[in-house]
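# A structural walkthrough
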Amino acid sequence: MQAARKLQLAVLALCVSATFPAFAKMQQRPVEWQLQGATYSGVLVYDDEGDARRPGVVMVPNWRGVNASAVAKAEQIAGDDYVVLVADVYGKNVRPQDNDAAAAASKPLREDRSLLRARAAAALEALKGQAGKAPLDATHIAAVGFCFGGTTVLEMARAGLPLAGVVSLHGGLSTPAPAVAGSGKVPMLVLNGAADRGISAEDIANFGAEMDAAKADWQFVNFSGAVHCFAESDANSPPGCVYDPRAAKRAWKMMDNFLEERLGD
């Protein structure tokens, strides 16, 4: 009788496990790489449900670099669709804790775009190197960036890195190293706050002229009333860096659609 009862319980447990599969869990693990003798450390983020390979996204955070906020955004982008690397372009031991430190860390890269491009390219290669260690399809990779990260992914496009596309959210548009004529090979979606005091009408016009000369596939969207940082839900430094729920909702949807188009089969 007891043996029969145990058998019934075992069968019931099997049925329950088949009906209610184990919940998928978002994975976060550090990834390190080397460039010119320095160590860089990012965070790989992906949903661990199933082993099917999925496209990758290099996500370059705002000028605060790799931190909990950046990882949270990477989880939002990853969902169950992508393997995302939160890219480190400063170095393993450089983690700015305030805006002054972030300005100091980003200044050399803003002034030397070849250095910024090299570090972004190294992050891209680091993500590709995770194929086989994570459910990554390394042949389909895009890049997304917020603020300084948006500036960075536009430099990745200008450099002609092998990307399916880039999305810049409230990133800087100007560059001391514009794309050369006919070089535009990476599709771009640029999402900008129309009230961002850091982006001038001249910046916008020059960017369009630069990308047209490069024969690039580009789309520029201005969100009325939105200022810098509008797509980051934890931005709260008025008046210049403020989350805008209306613009953010639309921007994230546009980004999702763009990534689906560029990274889909």
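Sequence order as written defines residue numbering, which begins from 1 separately in each chain. Where totals are concerned, whole chains, interfaces and linings use all residues; where local detail is concerned, this predicted model gives features only for residues with pLDDT of at least 70, and gives and counts side-chain atom pairs only at 80 or more. Heavy atoms from the whole structure form the basis of all side-chain values; hydrogens and water molecules are not counted.

## A look at the nonpolar core
Proteins that are soluble and globular tend to have nonpolar side chains buried together. Ranked by internal contacts, the top residues of the largest apolar core, which has 36 residues, are L163 and V166. At 6 residues, helix α4 (residues 113-128) tops the list of elements feeding residues into this core. For L163, the contacting residues outside a window of four places in its chain are L124, I141, A142, A143, M156 and V186. Here, the term nonpolar core denotes a set of buried Ala, Val, Leu, Ile, Met, Phe, Trp, Tyr and Cys residues that are joined through side-chain atoms within 4.5 Å. Exposure categories follow from relative accessible area, calculated using a 1.4 Å probe and restricted to protein chains: below 20% of the type maximum is buried, above 50% is exposed, and the middle band is partly exposed. Formed by 34 residues, the second largest nonpolar core is a distinct cluster that contains V86, V221, A231 and F258. What counts as a helix is a DSSP run of H or I of at least four residues, what counts as a strand is a run of E of at least two, and both are numbered from the N terminus. Here, two residues are considered to be in contact whenever any of their heavy atoms come within 4.5 Å of each other.

## With respect to the environment of V84
By the secondary structure assignment, V84 is in strand β4 (residues 83-86). Along the primary structure V84 and D47 are separated by 37 residues, whereas in three dimensions their C-alpha atoms are 9.9 Å apart. The contacts of V84, once residues within four sequence positions are left out, are V43, L44, V45, V57, M59, A74, I77 and A78.

## Considering the pattern of salt bridges
Take a side-chain nitrogen of Lys or Arg and a carboxyl oxygen of Asp or Glu: if they are within 4 Å of each other, that pair is a salt bridge. Applying the stated rule across the entire model yields 11 salt bridges. K73 serves as the salt-bridge partner of E232, at 3.1 Å between the closest nitrogen and oxygen. Within this pair, whereas E232 is found in the loop between β8 (218-223) and β9 (236-237), its partner K73 is found in helix α2 (residues 68-78), the two being separated by 159 residues in sequence. Of the charged contacts in the structure, one is a salt bridge between R158 and E155, with a shortest N-O distance of 3.2 Å. On the criterion of helical spacing, the pair formed by R158 and E155 is a turn pair, its members being 3 residues apart in helix α5 (residues 148-158). Residue R158 shares its accessibility class with E155, and that shared class is buried. What you see here is one network of salt bridges that share partners, running through R113, R117, E155, R158 and E210.

## With respect to the pairing of β8
Following DSSP output, two strands are said to pair if at least two bridges run between them. Pairing of strand β7 (residues 188-193) with β8, which is carried by 6 bridges, proceeds in the parallel orientation. Residue V190 lies in a different strand from β8, and its bridge partner there is F220. Here is how to tell: hold the view so the strands point away, follow the path from the first strand over the helix to the second, and if it runs clockwise the crossover is right-handed. Note that the unit made of β7, helix α6 (residues 201-213) and β8 has a crossover that is right-handed.

Taken by themselves, the reported measurements are silent on function.
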